[in-house]
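# What the coordinates show
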Amino acid sequence: MLPVLFALLSSAAMSADPGGELSVESAPLEGRDAAARLHGQLTDALGESSVYAPRMTRRFYPGEGWRYIVVIEGLSDLKQAEQLAGMADGLSVIAPITPVDGPVATPRLGISGEETTGAQPESHDTTLPSADAVLRAAIRAHGGRTGGTVKLAAAQSVRFSYQRRVPEQDGELRASNTFLRQGDAIRLQVEIAEGTGEDSVTTLTPQRAGWVSTAERTVERDGARTLEILERFAPESILAIPLGLPDDVETAAAWRGLTTSGRRDVGERAVWLLTGAVKTGEVGLREAAFDVDESRLMWVSWSAEHGEVTFYYDDYRELDRELVVPFSTRIEQEGVLIEEISVAQLELNPVLDKELFEPPDNN
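The notes below deal with the structure included here. (Residues numbered from 1 in each chain as written. Predicted model: local features only at pLDDT ≥ 70, side-chain atom pairs only at ≥ 80, totals over all residues. Heavy atoms only, no water.)

### Re the overall build of the protein chain
- The helix and strand inventory of the protein chain stands at eight helices and 17 strands.
- Here the protein chain holds 363 residues, and the buried ones make up 49% of them.
- Considering only contacts in the protein chain between residues 6 or more positions apart, those separated by 24 or more positions represent 53%.
- In the structure as shown, the protein chain presents an accessible area of about 17,400 Å², 49% of it carried by carbon and sulfur atoms. (Helix = DSSP H or I, 4+ residues; strand = E, 2+ residues; numbered from the N terminus. Buried < 20%, exposed > 50% of the residue type's maximum accessible area, 1.4 Å probe, protein only. Contact = heavy atoms within 4.5 Å. Areas by Shrake-Rupley, 256 points an atom, 1.4 Å probe, with all protein chains shown as cover.)

### Section: unusual backbone geometry
- Positive phi, normally seen in glycine, also occurs at Arg-208, with a value near 65 degrees.
- Of note, Arg-208 is situated in the loop between strand E8 (200-204) and strand E9 (210-213).
- Phi at Ser-295 takes a positive value of approximately 65 degrees, unusual for a residue other than glycine.
- Considering the arrangement of structural elements, one finds Ser-295 in the loop between strand E13 (284-291) and strand E14 (297-304).

### Some thoughts on the pairing of E14
- Within E14, six of the eight residues are buried, which leaves it mostly tucked inside the rest of the structure.
- In this sheet, E14 lies alongside E13 in antiparallel orientation, the contact comprising six bridges. Following the sheet pairing, Phe-290 is matched in E14 by Leu-297.
- Between the end of E13 and the start of E14, which pair antiparallel, lie five residues, with Ser-295 showing a positive phi angle near 65 degrees.
- Across six bridges, the pairing between E14 and strand E15 (residues 307-320) is antiparallel. Of the residues in E15, the one forming a bridge with Trp-302 is Val-309.
- Connecting E14 to the next strand, E15, in antiparallel fashion are two residues. (Pairing = 2+ DSSP bridges.)

### A few points about the packing of aromatic side chains
- Summed over all chains, the structure comprises three aromatic pairs.
- Pairing Trp-299 with Tyr-312 gives two aromatic rings, centres 6.2 Å apart and planes at 50 degrees, and the pair type is tilted. Of this pair, Trp-299 sits in strand E14 while Tyr-312 is found in strand E15, placing the two residues 13 residues apart along the sequence.
- Residue Trp-299 is classed as buried on the basis of its relative accessible area, which comes to 8%.
- Take Tyr-312: its relative accessible area is 31%, and that puts it in the partly exposed class.
- Over the ring of Trp-272 we find Arg-263; its NZ or CZ atom is 5.5 Å from the centre of that ring.
- Positioned above the aromatic ring of Phe-327 is the side chain of Arg-317, whose terminal nitrogen or guanidinium carbon lies 4.1 Å from the ring centre. (Phe/Tyr/Trp six-rings, centres within 6.5 Å; stacked < 30°, edge-to-face > 60°. Lys NZ or Arg CZ within 6 Å of the ring centre and 35° of its normal.)

### Here's the deal with a negative patch on the surface
- Together, Glu-191, Glu-198, Asp-199 and Glu-216 line one region of the surface with negative charge.
- Position of Glu-216 among the secondary structure elements: in the loop between E9 and strand E10 (218-221). (Patch = residues over 30% accessible without salt bridge, like charges linked within 9 Å, V, L, I, M, F, W, Y side chains within 5 Å. Salt bridge = Lys/Arg side-chain N within 4 Å of Asp/Glu carboxyl O. Lys, Arg positive; Asp, Glu negative; His and termini not counted. Charge placed at Lys NZ, Arg CZ, Asp CG, Glu CD.)

### Describing the nonpolar core
- Judged by nonpolar contacts, the single largest core of 28 residues is most densely connected at Trp-255, Phe-290, Leu-297 and Val-300.
- Listing elements by their share of this core, those giving two or more residues are helix H4 (131-141), helix H8 (240-251), strand E12 (269-275), E13, E14 and E15.
- Residues within four places of Trp-255 in sequence aside, it is in contact with Leu-135, Leu-245, Asp-248, Val-249, Leu-285, Ala-288, Phe-290 and Val-300.
- Counting 26 residues, the second largest nonpolar core, distinct from the first, contains Phe-160, Tyr-162, Leu-230 and Leu-323. (Core = buried A, V, L, I, M, F, W, Y, C linked by side-chain atoms within 4.5 Å.)

### Considerations on helix H3 (residues 78-85)
- Taken together, the buried positions of H3 are occupied by Gln-80, Ala-81, Leu-84 and Ala-85. Viewed end-on, H3 has its buried residues packed into an arc of 140 degrees, placing them on one side of the element. (Arc of directions from axis to C-beta.)

### Notes on the side chain of Asp-291
- Here Asp-291 lies in strand E13.
- Asp-291 sits in the buried class, given a relative accessible area of 2%.
- The residues touching Asp-291, leaving out its near neighbours within four places in the chain, are Arg-269, Ala-270, Val-271, Arg-296 and Met-298.

### Section: the side chain of Arg-187
- Relative to the helices and strands, Arg-187 is located in strand E7 (residues 185-194).
- Within the buried set, Arg-187 has no salt-bridge partner at all; the shortest N-O distance to an opposite charge, 8.8 Å, is to Glu-191.
- Within polar-contact distance, the side chain of Arg-187 engages the backbone oxygen of Leu-356 at 2.9 Å. (Polar contact = N/O pair within 3.5 Å; in protein donor to acceptor, adjacent residues only side chain to side chain.)

### Re helix H2 (residues 32-46)
- Compared with the 21 Å implied by 1.5 Å per residue over 15 residues, the 21 Å span of H2 between its first and last C-alpha is a close match.
- Arg-32, Ala-35, Leu-38, His-39, Leu-42, Thr-43, Ala-45 and Leu-46 are the residues of H2 that are buried. With its buried residues spanning 165 degrees around the axis, H2 presents them on a single face. When the buried face of H2 is taken as reference, the exposed residues oriented beyond 90 degrees from it are Asp-33, Arg-37 and Asp-44. (Expected span 1.5 Å × (residues − 1).)

Any link to function would need more than the numbers given here.
Below, the structure written as structure tokens:
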């Protein structure tokens, strides 16, 4: 019966609207290997002609921790979704939780890597997807048009904790940062574990007054200048590229004119490589790599004034459907480490004590 069902689904998929908002998800899987096996099973079952392709992701389940799931997205017909859910044990149909004008419809990539919406690959190698297909899959994988920085901007409060490692001339700087935001008020606590600098708390009150406190003193600062400094430590700045990708792909010129140059195996993963037409001495995007299975950005290289800078992203976690965050970032310039960032927590709308944002002498 299964071969007949798969053939039926393949022909139905060819005529279905890929812009639907239903999805099929697996039960949470503890290990990546189990998710990869299920991903391969579903990919083979759907076949090369299907407009739908499964992807793997990670999600946090209260009481269980981080688990892998396999998802098939963009379904528009409930009956078809129910048929897809019958392909393997533990698959369920998930109704949409976002409006129709939420995340964009995404062209999916078939098992051969070809875009299945009719567009032809830009490469001479017909097994490669077009750059447009890769980027549109990435938009959805990064939370869609209403995700990422848009999701953060809509939050009433934010808690963002992370560790930084920065090489220095005689060692390295290791620091833990906790960034809190509630409305117009911001607080940044920096704890130095190693290297130059000292522990500090910088506060921007709801009235936009700025303060900096260390163990030695408390100093009032210009509010506008304090805001400018604090914004550099916000998740929208620290994780600007992956969180802003859904909007940037649609609007930023840097993502235009890319070509799919190949597929590369990186450890246990495979990535699509997109290259730009940046010439020697020019500033712009040189190369971006996206995970073949999950469609997420793995690295991006920029040609800058002082050499090529590459941002590497790993340990992606799906905090919800519209907030997909890399918990590990590595930044290199011409192959030399500039900074490493390890996210400990990113929470939207936490309950924060208003006293945290008052002038230091009132804390």
